[in-house]
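# Coordinate analysis (summary)
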There are 2 protein chains.
Amino acid sequence: MQWYFVAALLTILTSSQGILTTLSQSDGGYKYDYATVPFLAEVYKLLVSSFLLWRENKSSPFPRMTTEWKSMCLYPIPSLIYLIHNNVQFLTLTYVDTSTYQIMGNLKIVTTGILFRLFLKRRLSNLQWMAIVLLAVGTTTSQVKGCGETACDSLFSAPIQGYMLGILSACLSALAGVYTEFLMKKNNDSLYWQNVQLYMFGVIFNMARFILDDVKREFEQGPWWQHLFNGYSFTTWMVVLNLGSTGLLVSWLMKYADNIVKVYSTSMAMLLTMALSVYLFDFKPTLQLFLGIIICMMSLHMYFASASMLIPDVLRGPEEGSHGKLPLISKISGHRQPIFKEKDIELPFRHGLIVGLLVPWIVQWHLEAPVLFVPLLPFSTHQSCRWRLIISTTVEMGLVERIY
Amino acid sequence: MQWYFVAALLTILTSSQGILTTLSQSDGGYKYDYATVPFLAEVYKLLVSSFLLWRENKSSPFPRMTTEWKSMCLYPIPSLIYLIHNNVQFLTLTYVDTSTYQIMGNLKIVTTGILFRLFLKRRLSNLQWMAIVLLAVGTTTSQVKGCGETACDSLFSAPIQGYMLGILSACLSALAGVYTEFLMKKNNDSLYWQNVQLYMFGVIFNMARFILDDVKREFEQGPWWQHLFNGYSFTTWMVVLNLGSTGLLVSWLMKYADNIVKVYSTSMAMLLTMALSVYLFDFKPTLQLFLGIIICMMSLHMYFASASMLIPDVLRGPEEGSHGKLPLISKISGHRQPIFKEKDIELPFRHGLIVGLLVPWIVQWHLEAPVLFVPLLPFSTHQSCRWRLIISTTVEMGLVERIY
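So, a few notes on the structure that sits alongside this text. (Residues numbered from 1 in each chain as written. Chains lettered and ligands numbered in written order. Predicted model: local features only at pLDDT ≥ 70, side-chain atom pairs only at ≥ 80, totals over all residues. Heavy atoms only, no water.)

## What to know about the overall build of chain A
Along chain A, the regular secondary structure elements total 16 helices and 0 strands. By the burial criterion, 59% of the 404 residues in chain A qualify as buried. Considering only intrachain contacts with a sequence separation of at least 6, the fraction spanning at least 24 residues in chain A is 78%. With the model as given, the accessible surface of chain A reaches about 17,200 Å², and the carbon-plus-sulfur share is 68%. (Helix = DSSP H or I, 4+ residues; strand = E, 2+ residues; numbered from the N terminus. Buried < 20%, exposed > 50% of the residue type's maximum accessible area, 1.4 Å probe, protein only. Contact = heavy atoms within 4.5 Å. Areas by Shrake-Rupley, 256 points an atom, 1.4 Å probe, with all protein chains shown as cover.)

So this is what it looks like as structure tokens:
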């Protein structure tokens, strides 16, 4: 199975997960206890992995399974890191509001790249680093509060602890991701065996939570398994299955692809969710969402496209890459030949000028507004004030047109 | 003189021009007639160029000057295109508001790239095309209306003619730029001689405007030269000199660099102006400005950096660029060796984990908030509602943390 196929599937599932969760709300709230969803997802993943492992066991060659404690004892670590991360997350939200938190969440993309480099010793080209930063910028852009929305200046006004915690939580979530990748790749154990160990601990941790929760509540609502499925609807089950499948895809990616692929899938999923929400929940489409999508697409291409596709060798100089150098200059400073062969250039320009004059001509007929050869129009007395306005605004934009 | 030095100078002058123009306003309006500024700038440029040409004439070798009419008759064309462009610009603003117009103005970056390719036959790599699009996206991002500002949904609500005219005006301004570059490079005439011809027509066109303006007004305020300097202050003269020098730099770039360099300079200048305005006119710094600056910096690097700097050869595969390919996958599918040497990876991870646990530990001491090994905190009864809120919001962001 190709990694990009899995990544695309992950994107679709992740974004549909956001939508399903919204759909699973009834009158603005969750009838069910949301904490039960990850637990059941873990159980689902454990069952699927065990089944697949069992099937693999019957087949030959016998799957590789490292069973010594030294290796197994590493598998709870990701769960532990996520546990700490969730608490830090919770603490962060006591300092900053959710929108600021959401913006800071994009730091995770950059921190993942950094830890990926530091711990997994994977080398990235400058271009790939730029792509990673652009991905973070793109997702942030799509989340910029549009006008008409409230709580504007809250972004730069949170206490310093809020930002520190935001960075910390970004680092922790990156660490968990990178560590999982390390676990999956450190030996050639069967993926299903690794999953079984991973999800085993996942289930245990979730159960521990419920029990501690019950203890807190002095069992006033009875043990946790009695009110596990309270308020579960069909959609809720879909959410569980979806979350579970997403997890399985992620661990596949961790073994056969890497964290960056996962980061791209989830980021793209976020944009997809926002784009779909425009249709499903008729949100207003914003310019920043549109821009964000373009930026992330560019970043995706920058990161994964092959060098030869991005910079064809014909555009590379013999000794050092002439990509971005200005060949014409060197030509000039070199020998004193005209830079263009007149015949090559004159013709397209003739056409260009004809079109450039023809279109305004059509426009001025169509709109009955003089555009062509009417220099005095903008300076006729009653319009001169508006004309000034235009010039002044364009000047303040630093975009004034010069006639040189 | 190096082209990037000139480009940097152009950026500084262009941005200071926007600021000077704002400073030259007195009580919110212009005391002087803004239309006189470009005229005087043309005169200034003509004088400077003539002086330099005269000095060059005394020196040897004698500068190349093509004097036949066939070549000279091309020099008014840019002025003509700009004249049409200004009228189209004026017409556009009768359909769309200034902020929408400003946003659409960024199309100029892309159209310049396209005409540059079509007419000047300059080949750009995919990466450079992406850089150009990113530059447009970046400048647009910085102009996204922040919250609290009015006139939000006006962007998508303008009549279709508005958008068509916006595109037309982007094409016209690009055409003028590209044609000027063609004029400057089509032969090896002395730059100063080319300038003299260019600015000669510039002066004539501006004078024609004034005369037509007077005719319109039936000379009620007397001929134009009498009220030319009305309301001129020191700042106004600075604006004139600044505009003139900018023009001279642009024509230098047109001969020895190209349009794309000019586009980058002016775009960067716009961002610089916005950034400086935060300090000078205490505007509120916005997130989108910050993001826009990052995007444009990336774009700049993508366009001008050498291929070898962006993608070191070591990261390129022997036959086809392995940049962005996932080497680990192929390793796995290949032979069944563990992907990592344990000793290489274990150690940094030990350190990573120690830090990852140490920092939250310090945090929880510093903030007196339990973060570490306290799974029950978020589930304690009175906080559980907030905890749900966090999970639900993070889920809706499609960014929920999975424990797998």
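## Observations regarding the packing of helix 9 (residues 191–216) of chain A against helix 10 (residues 234–256) of chain A
Residues and elements named next belong to chain A. Here helix 9 crosses helix 10 at 125°, and the two axes come no closer than 11 Å. Judged by the inter-axis angle, helix 9 sits oblique to helix 10. For the pair helix 9 and helix 10, the sense of crossing is right-handed. Counted together, Leu191, Gln194, Asn195 and Tyr199 of helix 9 and Gly247, Leu248, Ser251, Trp252, Lys255 and Tyr256 of helix 10 form the full contact between these two elements. In terms of residue class, the contact of helix 9 with helix 10 is made up of 5 nonpolar, 4 polar and 1 charged. (Axes fitted to C-alpha atoms, helices over the stretch in contact; angles between N-to-C directions. Parallel < 35°, antiparallel > 145°, perpendicular 65-115°, else oblique. Left-handed = near helix turned anticlockwise from the far one by under 90°. Nonpolar A, V, L, I, M, F, W, Y, C, P; charged D, E, K, R; others polar.)

## So, the packing of aromatic side chains
The tally for this structure, following the rule as stated, stands at 32 aromatic pairs over all chains. Measuring from centroid to centroid gives 5.7 Å for Tyr32 of chain A and Tyr232 of chain A, while their planes differ by 65°, and the two rings are edge-to-face. One end of the pair, Tyr32 of chain A, is in the loop between helix 1 (3–24) and helix 2 (36–58); the other, Tyr232 of chain A, is in the loop between helix 9 and helix 10, with 200 residues separating them in the sequence. No difference in accessibility class separates Tyr32 of chain A from Tyr232 of chain A, as the two residues are buried. For the ring pair Phe39 of chain B and Trp224 of chain B, a centre distance of 5.5 Å and an interplane angle of 85° mean the geometry is edge-to-face. Of this pair, Phe39 of chain B sits in helix 2 (residues 36–58) while Trp224 of chain B sits in the loop between helix 9 (191–216) and helix 10 (234–256), and the two are 185 residues apart along the sequence. Classification of Trp224 of chain B by relative accessible area gives buried; the value is 11%. Residue placement shows Lys58 of chain A over the ring face of Trp54 of chain A; its charged tip is 4.3 Å from the ring centre. (Phe/Tyr/Trp six-rings, centres within 6.5 Å; stacked < 30°, edge-to-face > 60°. Lys NZ or Arg CZ within 6 Å of the ring centre and 35° of its normal.)

## Things to note about the side chain of Thr112 of chain A
Mapped onto the elements of the fold, Thr112 of chain A is located in helix 6 (residues 107–120). Thr112 of chain A has contacts with Ala174, Val178, Asn259 and Val263 of chain A, leaving out every residue within four places of it along the chain.

## Regarding a nonpolar patch on the surface
Residue and element names in this part refer to chain A. A surface patch of nonpolar side chains, amounting to about 510 Å² of accessible area, comprises Ile12, Leu272, Leu276, Tyr279 and Leu280. Counting residues per element, the nonpolar patch draws most heavily on helix 11 (residues 259–280), which supplies 4 residues. Mapped onto the secondary structure, Tyr279 falls in helix 11. Looking at Tyr279, the relative accessible area reads 70%, which means it is exposed. (Patch = residues over 30% accessible without salt bridge, like charges linked within 9 Å, V, L, I, M, F, W, Y side chains within 5 Å. Salt bridge = Lys/Arg side-chain N within 4 Å of Asp/Glu carboxyl O.)

## Side note on the environment of Lys185 of chain B
As for its position among the elements, Lys185 of chain B is in helix 8 (residues 160–185). Residues Lys185 of chain B and Ile132 of chain B, spaced 53 residues apart in sequence, show a C-alpha to C-alpha distance of 23 Å.

## Details of helix 12 (residues 287–304) of chain B
For helix 12 of chain B, built from 18 residues, the straight-helix expectation of 26 Å at 1.5 Å per residue is met to within 8% by its first-to-last C-alpha distance of 26 Å. Among the residues of helix 12 of chain B, Leu287, Gln288, Leu289, Leu291, Gly292, Ile295, Cys296, Met298, Ser299, Met302, Tyr303 and Phe304 of chain B are the ones counted as buried. (Expected span 1.5 Å × (residues − 1).)

## Focus on helix 2 of chain B
Residue and element names in this part refer to chain B. Between the first and last C-alpha of helix 2 there are 34 Å, a value that for 23 residues agrees with the 33 Å anticipated at 1.5 Å per step. Taken together, the buried positions of helix 2 are Thr36, Val37, Phe39, Leu40, Ala41, Glu42, Lys45, Leu46, Ser49 and Leu53. Here the buried face of helix 2 lies against helix 9 and helix 10.

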